[in-house]
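Analysis of the macromolecular model
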Amino acid sequence: MKELAVGVVGAAGRGSGFFGAFTHNPHTRVEALCDINEEGAKATAESIGVSKVYKDYEEMLDKAGVDAVVIGTPMPFHVPQSVMALERDIHVLSEVPAAVSIEEAKDLVRAVRQSKAKYMMAENYCYIRSNVLVREIARAGLFGEMYFAEGEYIHELKELNEITKWRRKWQTGINGNTYPTHSLGPLLQWLGDDRVVSVCCAGTGRHYRDPRGDYYENEDSTSMMCRTAKGGLVNIRLDMLSARPHNLTYCSLQGTDGCYEADRGFGDKPKIWLKSRSEKFEWMALSELEEEFLPEWWLHPPKEALEAGHGGGDYWEVVDFVQAILEDREPPIGIHEAMDMTLPGLVSRQSIEHGSVWLPVPDSREWS
Ligand SMILES: NC(=O)c1ccc[n+]([C@@H]2O[C@H](COP(=O)([O-])OP(=O)(O)OC[C@H]3O[C@@H](n4cnc5c(N)ncnc54)[C@H](O)[C@@H]3O)[C@@H](O)[C@H]2O)c1
């Protein structure tokens, strides 16, 4: 089997989080790195023994002989850099969210359709062990009809805003749910054959200023209510500004036959109630269902997965991306799943701007 040569852009930042998974994968090797921070890229390349280092992304695409790229650059580069690779039939694993505007989301969908290469969005929270377990229980039908889910991404990043300055514009400099995929991604996988058809976004007002004395454009906490095609409701809370400890992974699910609540830390444990397991309304630990429902790959993971970032998500998403290429099939978070996770947040910006009105979310499958 051919070994895939992988290029990583944004290699001195988030891109470096992918090295371990590609190095450990028997079908891939990290071939080239790219970053506008030349010093950082060179130092990183040296540390992992990669000799091809580029400052210019297109030069890497044209000269390094890569079969696939990982896009770990700031949000506004995801679409342009994905399109440039897809036009050259180079496979793309792109960081989240997939796009920063609906117009460029359409460009991306068009580019994927016209390319021979695969596109996958690297939504690593979909691969967190507990999220995978709940997904498998949902797929087995044990929650019954699922009609409510909620997710929270609470990550105070006022200081990080000043270091990674793009965040001050693209995450906290726009009102609405600017970073929805970590919460929405796993929930949509649980809900299965469903998608968000409309959203309504409201905020808490603004209570914090940046070091220059300006209020952040993003309200401190925003709540994006999502109506699904099957009539269900999903609520996504995003908060990157409030003074408080982090909670990046909280999520819950309610169906007619069961419910689930992730832990909120501080000694809490993920818990589940299933009608088929308990007549009484009593929680059981989610972990009690691991042996029965967790896929083998997460039941007995290699140490590289356990050591990988984001609860192992940074490892397993790479495994799925590589398998999709090798087996010539659609990746599990292909272009339309990526759009399902990204577009509600883009529409939420319009909703909050127009007084929290409900607005329809386009279905990328219908775009020509
Ligand atoms: N999935 C996750 O859990 C997760 C975690 C963190 C960040 N992210 C995403 O990863 C992306 C990067 O975030 P970060 O925190 O690493 O940001 P960062 O600013 O720390 O790193 C980005 C890197 O990209 C480089 N870069 C910027 N523009 C470039 C260009 N045009 N060509 C080549 N290199 C360029 C920068 O020099 C920097 O090294 C963001 O889109 C963010 O949303 C995802």
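Heads up: the structure comes first, above all this text.
What counts, and at which threshold
Residues numbered from 1 in each chain as written. Predicted model: local features only at pLDDT ≥ 70, side-chain atom pairs only at ≥ 80, totals over all residues. Heavy atoms only, no water. Helix = DSSP H or I, 4+ residues; strand = E, 2+ residues; numbered from the N terminus. Rg over C-alpha atoms; globule rule 2.2 N^0.38 Å. Contact = heavy atoms within 4.5 Å. Areas by Shrake-Rupley, 256 points an atom, 1.4 Å probe, with all protein chains shown as cover. Lys, Arg positive; Asp, Glu negative; His and termini not counted. Charge placed at Lys NZ, Arg CZ, Asp CG, Glu CD. Axes fitted to C-alpha atoms, helices over the stretch in contact; angles between N-to-C directions. Parallel < 35°, antiparallel > 145°, perpendicular 65-115°, else oblique. Nonpolar A, V, L, I, M, F, W, Y, C, P; charged D, E, K, R; others polar. Pairing = 2+ DSSP bridges. Salt bridge = Lys/Arg side-chain N within 4 Å of Asp/Glu carboxyl O. Buried < 20%, exposed > 50% of the residue type's maximum accessible area, 1.4 Å probe, protein only. Phe/Tyr/Trp six-rings, centres within 6.5 Å; stacked < 30°, edge-to-face > 60°. Arc of directions from axis to C-beta. Near = heavy atom within 4 Å. Polar contact = N/O pair within 3.5 Å; in protein donor to acceptor, adjacent residues only side chain to side chain.

1. A few points about the overall build of the protein
- Within the protein, the secondary structure is distributed over 14 helices and 15 strands.
- Here the C-alpha atoms of the protein give a radius of gyration of 20 Å, agreeing with the 21 Å that 2.2 N^0.38 yields for 368 residues.
- Considering only C-alpha atoms, the protein reaches an extent of 60 × 50 × 45 Å along its principal axes.
- Counted over contacts in the protein with a minimum sequence separation of 6, partners at least 24 positions apart contribute 67%.
- Working note: accessible area of the protein is about 16,000 Å², and carbon and sulfur atoms make up 51% of it.
- Put simply, the protein has 39 plus and 57 minus side-chain charges, and the middle of one group is 2 Å from the middle of the other.

2. A word on the packing of helix α5 (residues 102-114) against helix α14 (residues 335-353)
- Contact geometry for α5 and α14: axes closest at 10 Å, N-to-C directions at 170 degrees. The angle between the axes of α5 and α14 places the two elements in the roughly antiparallel class. Residues Ile 102, Ala 105, Leu 108, Val 109, Val 112 and Arg 113 of α5 lie in contact with α14, whose contacting residues are Ile 335, His 336, Met 339, Leu 343, Leu 346, Val 347 and Gln 350.
- The class makeup of the residues in the contact of α5 with α14 is 10 nonpolar, two polar and one charged.

3. Here's the deal with the sheet that holds strand β4 (residues 68-71)
- The strand order across the open sheet built from six strands is β3-β2-β1-β4-β5-β6, with neighbouring strands paired in parallel fashion. The open sheet terminates on both sides in strands that have one partner only, identified here as β3 (52-54) and β6 (119-121). Averaged over neighbouring strand pairs, the angle between their axes works out to 25 degrees when direction is ignored.
- Note: strand β1 (residues 4-9) against strand β2 (residues 28-34), six bridges, orientation parallel.

4. Some thoughts on the pairing of strand β10 (residues 233-239)
- Pairing geometry for strand β7 (residues 146-154) and β10, over seven bridges, is parallel. Note on β10: the bridge partner recorded for Tyr 153 is Leu 238.
- Direction of pairing for strand β9 (residues 221-228) relative to β10: antiparallel, over a ladder of seven bridges. Among the inter-strand pairings, Met 225 is bridged to a residue of β10, identified as Asn 235.
- Here β9 folds back onto β10 in antiparallel fashion, the turn holding four residues, of which Gly 231 has a positive phi close to 95 degrees.

5. A closer look at the pattern of salt bridges
- For the structure shown, the criterion picks out 31 salt bridges.
- Across the pair Glu 31 and Lys 52 runs a salt bridge, and its minimum N-O distance is 2.6 Å. A residue pair is termed long-range when its members are at least 10 positions apart, and Glu 31 in strand β2 and Lys 52 in strand β3 qualify at 21 residues.
- Accessibility expressed as a relative area gives 16% for Glu 31, which makes it buried.
- One salt bridge connects Arg 139 with Glu 136, and the closest N-O pair in it is separated by 3.5 Å. Placement of both Arg 139 and Glu 136 in helix α6 (residues 129-139) is noted, with a separation of three residues, approximately one turn of the helix.
- Through salt bridges with shared partners, a single ionic network connects Glu 162, Arg 168, Asp 210, Arg 212 and Glu 217.

6. So, the packing of aromatic side chains
- This model, assessed by the stated rule, comprises seven aromatic pairs.
- Relative to Tyr 260, the ring of Trp 190 lies with its centre 5.7 Å away and its plane at 85 degrees, an arrangement referred to as edge-to-face. One end of the pair, Trp 190, is in helix α9 (residues 181-191); the other, Tyr 260, is in strand β12 (residues 258-261), and 70 residues separate them in sequence. In this structure, Trp 190 and Tyr 260 share a single accessibility class: buried.

7. Observations regarding helix α2 (residues 38-48)
- Those residues of α2 that fall on the buried side of the exposure criterion are Gly 40, Ala 41, Thr 44 and Ala 45. End-on view of α2: buried residues confined to an arc of 130 degrees, all on one side of the axis. Of the exposed residues in α2, the ones pointing more than 90 degrees away from its buried face are Glu 39, Glu 46 and Ser 47.
- Close packing links the buried residues of α2 with α1 (19-24), β2 and β3.

8. So, the site of the ligand
- Every one of the 24 residues lining the ligand counts as a neighbour, but Arg 14, Asp 35, His 78, Trp 166 and Arg 167 are closest to it.
- For the ligand, an oxygen atom lies 3.0 Å from a polar atom in the backbone of Val 96.
- Within the side chain of His 310, a nitrogen or oxygen atom sits 3.0 Å from an oxygen atom of the ligand.
- Protein contacts shield 84% of the accessible area of the ligand, which totals 840 Å² for the unbound molecule.
- Contributions of two or more residues to the shell around the ligand are made by α4 (78-87) and α8 (166-170).
- Here the residues of the shell around the ligand sort into nine nonpolar, 11 polar and four charged.

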